Amino acid sequence: MKRTIVSISIAFFCSAFFALSQEGERYVEIRGRAELDMKPLSGATIKLYEGNSVKKTTRTYSDGKFTFKLEVNKYYVVEVGKSNYISKRLAFDTKLPDDVSGKWIREFAISVVKNCEGVDYSSLKDPVDIIKFNEKRKDFESDRAYLTKMRSKLEKIMIANENCVSDKYNQLIKEADRLYRQKSYDEAKEKYTAASELFQDEEYPKSRLEEISQQQTKQENVDALYSKTIGEAEALMAQNKPDEALVKFKAAMTLKPQETLPRQKVSEIETLLAKNQAAQQEAAAQQARYNNIIARANSEMANHNYEGAKQLYQSALLLKTGDQAVTSKVAQLDKLITEQAQTLAYQKAADEEYKEAIAQADQYYAAKNYDAAKEFFQKASTIKPG
């Protein structure tokens with residue numbers, strides 16, 4: 001279905017309310033609404049420029065509305081934009097005679113333009129209108145001369161943009177129809193959806209999308225069963241149940257032998273199960289080695305061979321890094337080894353002292369100096385009472 005141009009949208013509209021202020025207030029309040037295709041535009045970015053600097057930034061909600069309070073004797077530009085759309089700008093020259101006081105409220109709507117590649121949007125870098133104070137009317141209104149100059153540029157842009165979007169729409173519909181005839185429903189659906197987004201009021205792509213939806217619900221039972229089986233298999237894999245998943249994937253292979261996914265999954269799971277079995281066997285063998293080393297270490301520790309026990313426990317830690325029980329045993333053995341070394345050192349010193357006392361006693365005894373000999377024998381007896 002071909003889309004043709006039926007109208008050109010107006011860039012914006014303004015209305016005004018003027019009221020004198022007894023308190024000498026002097027400001028302009030602007031109340032805007034961002035639009036797309038004459039409808040409120042949510043999620044638009046609104047920037048208020050004072051000269052070349054951004055003074056404020058806000059975003060619109062579902063009603064598309066925004067408001068700013070402008071000081072007098074300044075030049076402002078309001079920019080309305082959104083991603084994938086062309087921004088528009090509206091200028092406010094708030095220059096005011098010194099003898100004029102009051103507050104002015106300006107209400108307006110300003111629309112963005114759908115970006116279409118190939119259209120020259122350069123004219124929209126300038127404001128679509130300039131609102132300034134009319135001393136005769138005592139009100140803020142459009143600069144008619146500027147608006148007249150911009151109107152022809154805006155009309156050219158709108159016509160070019162409408163033609164561009166229409167051409168894009170027609171091309172999408174043509175491609176979607178071709179895919180639909182080929183029963184490539186998913187691809188056709190994508191094209192019809194893109195066309196519908198360009199012209200949301202067009203019924204043709206919507207009706208085609210409905211037909212595709214109906215066609216897709218009439219798929220053969222095997223398709224539904226296949227999808228269900230694949231889903232169950234994937235869920236079992238996520239639950240770390242590869243044996244049960246393998247049964248499901250093999251069932252899916254029977255339903256659709258031409259599909260590569262279940263064949264690929266069956267191969268992957270069988271490889272995984274083989275690796276798991278090998279890993280379990282290796283783990284069992286390692287556990288057996290670990291148990292053997294721990295038993296030997298416990299035996300050495302019971303026999304007070306602390307150094308040998310420590311070496312065995314450390315070997316066990318190589319098999320099970322971070323084993324807290326074994327780590328605790330090593331720490332315990334370090335303490336026992338230190339205590340054992342201290343005991344041996346003490347015994348060695350006592351032996352030396354004992355031998356020396358006995359040697360002195362024997363010398364005195366041989367010299368028949370019995371009192372001295374007795375004294376050293378008594379000392380040796382004190383060192384080794386047994």
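Just above, that's the structure.
Being a predicted model, the structure only gives us computed values, none of them experimental.

Calculation notes
Residues numbered from 1 in each chain as written. Predicted model: local features only at pLDDT ≥ 70, side-chain atom pairs only at ≥ 80, totals over all residues. Heavy atoms only, no water. Buried < 20%, exposed > 50% of the residue type's maximum accessible area, 1.4 Å probe, protein only. Helix = DSSP H or I, 4+ residues; strand = E, 2+ residues; numbered from the N terminus. Pairing = 2+ DSSP bridges. 1 Å grid on protein atoms, 1.4 Å probe; cavity = no way out; pocket = protein on both sides within 12 Å on 5 of 7 lines; lining within 4 Å. Points joined across faces, edges and corners; volume = space filled by probe spheres on them. Nonpolar A, V, L, I, M, F, W, Y, C, P; charged D, E, K, R; others polar. Axes fitted to C-alpha atoms, helices over the stretch in contact; angles between N-to-C directions. Parallel < 35°, antiparallel > 145°, perpendicular 65-115°, else oblique. Left-handed = near helix turned anticlockwise from the far one by under 90°. Contact = heavy atoms within 4.5 Å. Salt bridge = Lys/Arg side-chain N within 4 Å of Asp/Glu carboxyl O. Phe/Tyr/Trp six-rings, centres within 6.5 Å; stacked < 30°, edge-to-face > 60°. Lys NZ or Arg CZ within 6 Å of the ring centre and 35° of its normal. Disulfide = S-S within 2.5 Å.

Trainee: Would you take a moment to explain the pairing of strand S10 (residues 102–111) for this structure?
Mentor: A regular strand carries its side chains on alternate faces of the sheet. Counting buried residues along S10, 8 of its 10 residues qualify, which places the element largely inside the surrounding structure. Pairing of strand S2 (residues 26–36) with S10 involves 10 bridges; the strand directions are parallel. Counted as the bridge partner of Ala34 is Ile110 from S10.

Trainee: Help me out: how do you make sense of the layout of surface pockets in this one?
Mentor: Its volume calculated, the second largest pocket comes out at about 240 Å³. As for the second largest pocket, its lining consists of Asn84, Tyr85, Lys114, Asn115, Cys116, Glu117, Lys168, Leu172, Ala194, Glu197 and Leu198. Residue composition of the lining of the second largest pocket, grouped by class: 5 nonpolar, 2 polar and 4 charged.

Trainee: Where do I start with the packing of helix H2 (residues 185–198) against helix H3 (residues 204–217) in this structure?
Mentor: Between two packed helices, the angle of one axis relative to the other and the distance separating the axes together describe the packing. As a packed pair, H2 and H3 sit with axes 9 Å apart at the nearest point and diverge in direction by 155°. The angle between the axes of H2 and H3 places the two elements in the roughly antiparallel class. Here the hand of the crossing between H2 and H3 comes out left-handed. Within the contact between the two elements, H2 uses Tyr185, Asp186, Ala188, Lys189, Tyr192, Thr193 and Ser196 and H3 uses Tyr204, Pro205, Lys206, Arg208, Leu209, Ile212, Gln215 and Gln216.

Trainee: Looking at this model, I keep getting lost on the pattern of salt bridges. Mind explaining?
Mentor: Here the structure, examined in full by the defined rule, presents 23 salt bridges. Salt-bridge contacts for Glu50 lead to Lys55; the nearest nitrogen and oxygen are separated by 3.3 Å. The class for Glu50 is partly exposed, based on a relative accessible area of 27%. According to the relative accessible area criterion, Lys55 is partly exposed, its value standing at 37%. As a salt-bridge pair, Arg208 and Glu211 come within 3.0 Å of each other at their nearest N and O atoms. A residue pair is termed a helical-turn pair when its members lie 3 or 4 positions apart in one helix, as Arg208 and Glu211 do in helix H3 at 3 residues.

Trainee: Looking at this model, I keep getting lost on the packing of aromatic side chains. Mind explaining?
Mentor: One pair of aromatic rings is described through two measures. These are the centre distance and the angle between the planes. Summed over all chains, the structure comprises 11 aromatic pairs. Seen from their ring centres, Phe92 and Phe108 are 5.7 Å apart, and the 50° between their planes marks the pair as tilted. Here Phe108 lies in strand S10 and Phe92 lies in strand S9 (residues 88–93), a separation of 16 residues in the sequence. Since its relative accessible area comes to 3%, Phe108 is described here as buried. Among the aromatic side chains, those forming a connected cluster through ring pairs are Phe66, Phe68, Phe92 and Phe108. Positioned over the ring face of Tyr290 is Lys320, at 4.3 Å from the centre of the ring.

Trainee: How do you make sense of the packing of helix H6 (residues 260–302) against helix H8 (residues 324–366) when you look at a structure like this?
Mentor: With their axes 13 Å apart at the nearest point, H6 and H8 run at an angle of 25° to one another. One finds that H6 runs roughly parallel with respect to H8. As for how H6 packs across H8, the hand of that crossing is left-handed. Facing Tyr290, Ile294 and Met301 of H6, the residues of H8 in contact are Val326, Lys329, Gln332, Leu333 and Leu336. Broken down by class, the residue content of the contact of H6 with H8 amounts to 6 nonpolar, 1 polar and 1 charged.

Trainee: Looking at this structure, I do not really get the state of the cysteines. What am I missing?
Mentor: Counting across every chain of the model gives 1 disulfide. Covalent S-S linkage joins Cys116 and Cys164, the inter-sulfur distance amounting to 1.8 Å. One disulfide, between Cys116 and Cys164, carries an S-S torsion of -75° and so falls in the left-handed class. In this pair, Cys116 sits in the loop between strand S11 (113–114) and strand S12 (130–134) while Cys164 sits in helix H1 (residues 144–181), placing the two residues 48 residues apart along the sequence. Residue class for Cys116 comes out buried when judged on its relative accessible area of 6%. According to the relative accessible area criterion, Cys164 is buried, its value standing at 16%.

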